[in-house]
There are 2 protein chains.
Amino acid sequence: MAESVMEYLQSLAPIFDREIEKTIPRDRKPWEVYGVLWDFLDRGGKRFRPAMVKLSYGAVGGKEAAEPETVVPVGAAIEMFHNFTLIHDDIEDDSEMRRGKPTLHRAYGLPLAINAGDGLFMMVWEALLKAKLPPEKLFEVQRVLTSAFRRVLEGQAIELNWYREGKFDITEEMYFRMVEGKTGALISASCEVGAVIAGGSAEQREALRNFGMAVGIAFQVQDDVLNLAGKEEKYGKEIGGDISEGKRSLITIHALGHAAPADRKALTEILAAKTKDREKVGKAIDICRRSGSIAYAAEKARKMVEDAKKGLLILPNNASSRRLLQLADFFIYREV
Amino acid sequence: MAESVMEYLQSLAPIFDREIEKTIPRDRKPWEVYGVLWDFLDRGGKRFRPAMVKLSYGAVGGKEAAEPETVVPVGAAIEMFHNFTLIHDDIEDDSEMRRGKPTLHRAYGLPLAINAGDGLFMMVWEALLKAKLPPEKLFEVQRVLTSAFRRVLEGQAIELNWYREGKFDITEEMYFRMVEGKTGALISASCEVGAVIAGGSAEQREALRNFGMAVGIAFQVQDDVLNLAGKEEKYGKEIGGDISEGKRSLITIHALGHAAPADRKALTEILAAKTKDREKVGKAIDICRRSGSIAYAAEKARKMVEDAKKGLLILPNNASSRRLLQLADFFIYREV
C-alpha cells in the first residue's frame, strides 16, 4: 500500500510544481532570490500537503474540472509556505543538509537565505490571489491559512525556546501544544481549506480539520520513531540524528519521565551534549527502548490515526475520501 | 515646518499603534513571539508610511468617517511589514543597535529573532483582512502590496549580493534599481493603496504611486547625506556610520566614479575595510565632499521631490494633498 501512496503523490507533484513556477518565475532576476529558491524547490519533497487539499476538496464533492483554478493554486501556496518554514528552520537550527544538499544558508550565506525565505513567504500570497474563487471563499481560505501560519510560528517559537533555555522538563501536554502548532496546524488547514473551496458543511470542515491535525501530529511522531528505530537505508537519514540534535520528541520526553533515575540522568546528559558519538547515541536509543518510549510513541501515533479515520466516516464514500484513509495509514506504516 | 510635520506624525502614530495591538495581542503567548515583537515595536519610529496611506486617501476625496475601518488597518499592515523588514535586515547586516537598543537577534538570539520577524510578516495579512472594504478593493490592495513586497525583497537581495561579492563597480542605474525596490516600492505602494481605498481614478493612482516612489528614494538619498554631513546631535546616529558599514550609497557610488584615481583607491580601501577608525572615516567623507558627491546627492534628492510635487497638481487642493506636499519637503529639508 505504501508504494501506491507514494506513486500517487508522485503523480500529483508536477501539477503543483508547474503552478509554483507561475508565481516564482525560474528566470526572473535577481538570481539571489529566484535562483536560490529553485535550488531548494527542485530538491523535491513529497508534496503531500497540496495532495491533502485536493483530496479533501474531492471528498466533500468538489468538481474535478474546477481544480486547476482552485485547489491547485491554493495547494501550491501551502507547499510554498511549507518550504519557506524549512528554509528558515534550517537557519534557526543551523542544519547542515536538507534533502541531500547543503542547506541554503550553508550554500549562499545567512543573509541571502533569510531573504529568499522571506521572498517565498511573500509569494505564498501571490499564489493564493491566483485562485479563482468567489471573494468570500477566498477570504475564508486566507483566514484559515493565516491562522494556521500563526500556530506554526508559535509552535516553532516554543520549541526554539526549549533549546535556547536548555529545557528538558517538558510534559506531554506541552509537547503536544508545540507540535499541534509546528506540524499539525498546516496539515489541518490543508484539509480544511479543501472543504472550504468545495463548499463543504461546517460538520465536514470540522471533520477534515481534525483529521488533518491528527494525521499531522501522527506524521511527526512516526518520523521521530523512524529516526530512532527505522532502517537507515529506507529512512534516508542517519538513525539517531534526533539524539545528536538533542531533540525534544514524544519519545525522549516520555523516556525522561519514565526511565529509571540513572537512565534519566544519562539520557539528559547525552541530549544536552548534542553528541554524534555513535556509542552514546546508541545508549540513548537503548534507554528510550527500555523505557517503552519508542513503542509508546508508535502506539500513540497509530491510535491517533485510527481515531482520525473514524471521524471521516461522515464524509461521502468516494475515491477521494478512500484515498485520504489510505494516506492516513501510510503515515503510520511508512518506513520512509 | 519640520517641527509641525513631526508633530503631525506623532499625533497619528497612536491610531495605527492601537490597530497593530489588535493584530499582535500584547499578552498572547508564547512571549517568544509577541513579547519579542513588542520589545521592537515599542521603540517607536516615525510611522510615516501609514500616514502616507491616510493622506493619499484623503487627497483623492476619501471620507474621514470611514478611515478607522479602511486606511487604519491597511496603514497598520504596511507599518508592520516595514518593521518586519527592519528586524530581518538587522540580522542580515548583523547590526548591533536599532532605535537605541540592541537589535532583536543580539538580544534574543538569531533563531527567535528570525521567527519573530516571520510572525510579524504573517500578521501583516491578518491586519489587512481586518479592513472592511468591498472584496475587489481589498484584493486590489493585496495585489498592490504583494507586488511592492516583492520589489522590496528583490532590492534587498541585490544589495546583499553587493556586500557578499565585495562589489564596488556599481552604476547609478544599478543603484536606483536597488533602492527603488528596497526603499521606494513600499512608500509608493502606501500612497497608491490610499488612492485605491478612496476609489481614485487611474490617473490619481499613478500620480500618487510616482510621488511615493520619488519621495521614498529621496528619503533614502537624504538619509545618506545626513549620515555623512548631518549634525550628530540631531541625526541621532554616529556620523559616517555608512562608511564604517562599507555602504554603497548614491554618494559613495558617485565618488567612486568621479574622484581622482588616488582618492578612488583610498575610498575603496576604506569602504572594503569596514573600519570604525575615525581618521579613516573622516578621510572617506572628505573624499566624498571633494568629489562633489554629497552636494550631488542632496541636489538629486531635492530635484526628485520637486518633480514629485508637480505630479500631485492633478489632485484636488485639500488639507490632505497640501499635507502630502509638506511631507515631501520635510524629507528633503529634515535634519533627523
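This text goes with the structure placed above it.
We now turn to the structure provided with this report. In this text, all values refer to a predicted model and were calculated from it rather than measured experimentally. (Residues numbered from 1 in each chain as written. Chains lettered and ligands numbered in written order. Predicted model: local features only at pLDDT ≥ 70, side-chain atom pairs only at ≥ 80, totals over all residues. Heavy atoms only, no water.)

When chain B is fitted to chain A, the best match, at an RMSD of 0.0 Å, comes from turning it 180° and sliding it 0.0 Å along the axis. With respect to symmetry, the two chain copies, as superposed, fit the operation of a two-fold axis. Of every C-alpha in chain B, the one belonging to Pro 135 of chain B sits nearest the axis of rotation, 3.0 Å from it. Take the interface residues of chain B: 100% of them recur as interface residues in chain A, which is what a same-surface contact looks like. (Least-squares fit on C-alpha atoms with pLDDT ≥ 70 in both. Contact = heavy atoms within 4.5 Å.)

With that settled, consider the interface of chain B and chain A. On the chain A side, the residues contacting the 44 residues of chain B number 44 residues. Where chain B touches chain A, the interface holds 4 salt bridges. Of the charged contacts in the structure, one is a salt bridge between Arg 150 of chain B and Glu 126 of chain A, with a shortest N-O distance of 2.3 Å. Where chain B touches chain A, the interface holds 19 residue pairs in polar contact (both at pLDDT 80 or more). Considering every element that reaches the side of chain B that touches chain A, the biggest residue donor is helix α7 (residues 135-165) of chain B, with 17 residues. Taken together, the residues that form the side of chain B that touches chain A break down as 25 nonpolar, 9 polar and 10 charged. (Salt bridge = Lys/Arg side-chain N within 4 Å of Asp/Glu carboxyl O. Polar contact = N/O pair within 3.5 Å; in protein donor to acceptor, adjacent residues only side chain to side chain. Helix = DSSP H or I, 4+ residues; strand = E, 2+ residues; numbered from the N terminus. Nonpolar A, V, L, I, M, F, W, Y, C, P; charged D, E, K, R; others polar.)

In this section: the pattern of salt bridges. Opposite charge on two side chains permits them to pair, given that their charged atoms come into close proximity. In total, this model carries 66 salt bridges over all chains according to the counting rule given. For Arg 205 of chain B, the salt bridge goes to Glu 140 of chain B, with nearest N and O atoms at 2.9 Å. Placement of the pair is Arg 205 of chain B in helix α9 (residues 202-229) and Glu 140 of chain B in helix α7, with a sequence separation of 65 residues. Taking the relative accessible area as the measure of exposure, Arg 205 of chain B reaches 18% and is therefore buried. Where Lys 303 of chain B meets Asp 307 of chain B, a salt bridge forms, and the shortest distance between an N and an O atom there is 3.1 Å. One end of the pair is Lys 303 of chain B and the other is Asp 307 of chain B, both in helix α15 (residues 293-311) and 4 residues apart, which spans about a single turn. For Asp 307 of chain B, a relative accessible area of 37% gives the class partly exposed. Among the charged side chains, a network of salt bridges with common partners joins Glu 136, Glu 140, Arg 143, Glu 192, Arg 205 and Arg 209 of chain A. (Buried < 20%, exposed > 50% of the residue type's maximum accessible area, 1.4 Å probe, protein only.)

This brings us to unusual backbone geometry. Geometrically, the link from Lys 29 of chain A to Pro 30 of chain A is a cis peptide bond, its omega value of 0° lying close to zero. Its location among the elements puts Pro 30 of chain A in the loop between α1 (2-23) and α2 (31-41). Phi at Arg 47 of chain B is positive, roughly 55°, even though this residue is not glycine. On the secondary structure map, Arg 47 of chain B appears in the loop between α2 (31-41) and α3 (48-59). Among the residues examined, Arg 47 of chain B registers a relative accessible area of 5% and is labelled buried. Backbone geometry at Lys 274 of chain B places phi at a positive 45°, although glycine is not the residue there.

Our focus in this paragraph is the nonpolar core. In this structure, Ile 24 and Met 52 of chain A together with Ile 24 and Met 52 of chain B are the most contacted members of the largest nonpolar core, which totals 244 residues. In this structure, Met 52 of chain A is in contact with Ile 187, Ser 190, Cys 191, Phe 211, Val 215, Leu 324, Leu 327 and Phe 331 of chain A, ignoring residues within four places of it in sequence. (Core = buried A, V, L, I, M, F, W, Y, C linked by side-chain atoms within 4.5 Å.)

One full turn of an α-helix is made of 3.6 residues, so residues set three or four places apart face in the same direction. All names here are of chain A. Between its first and last C-alpha atoms helix α13 (residues 261-273) spans 18 Å; for 13 residues at 1.5 Å apiece the expected length is 18 Å, and the two agree. Taken as a whole, α13 has its buried residues at Asp 263, Ala 266, Leu 267, Ile 270 and Leu 271. Looking straight down α13, one finds its buried side chains confined to an arc of 130°; they lie on one side. Facing away from the buried surface of α13 by more than 90 degrees, the exposed residues are Pro 261, Ala 262, Lys 265, Ala 272 and Ala 273. Along its buried surface, α13 packs onto α11 (241-244), α12 (250-258) and α14 (278-290). Note on α13: the residue one or two positions beyond its end, Lys 274, has a positive phi of about 45°. (Expected span 1.5 Å × (residues − 1). Arc of directions from axis to C-beta.)

Moving on to the environment of Arg 49 of chain A. Residues and elements named next belong to chain A. Structurally, Arg 49 is set in helix α3 (residues 48-59). Note on Arg 49: relative accessible area 8%, which makes it buried. Beyond its immediate sequence surroundings of up to four residues, Arg 49 is in contact with Ile 78, Glu 79, His 82, Leu 186, Ile 187 and Ser 190. Side chain to side chain, Arg 49 and His 82 meet in a polar contact 3.2 Å long.

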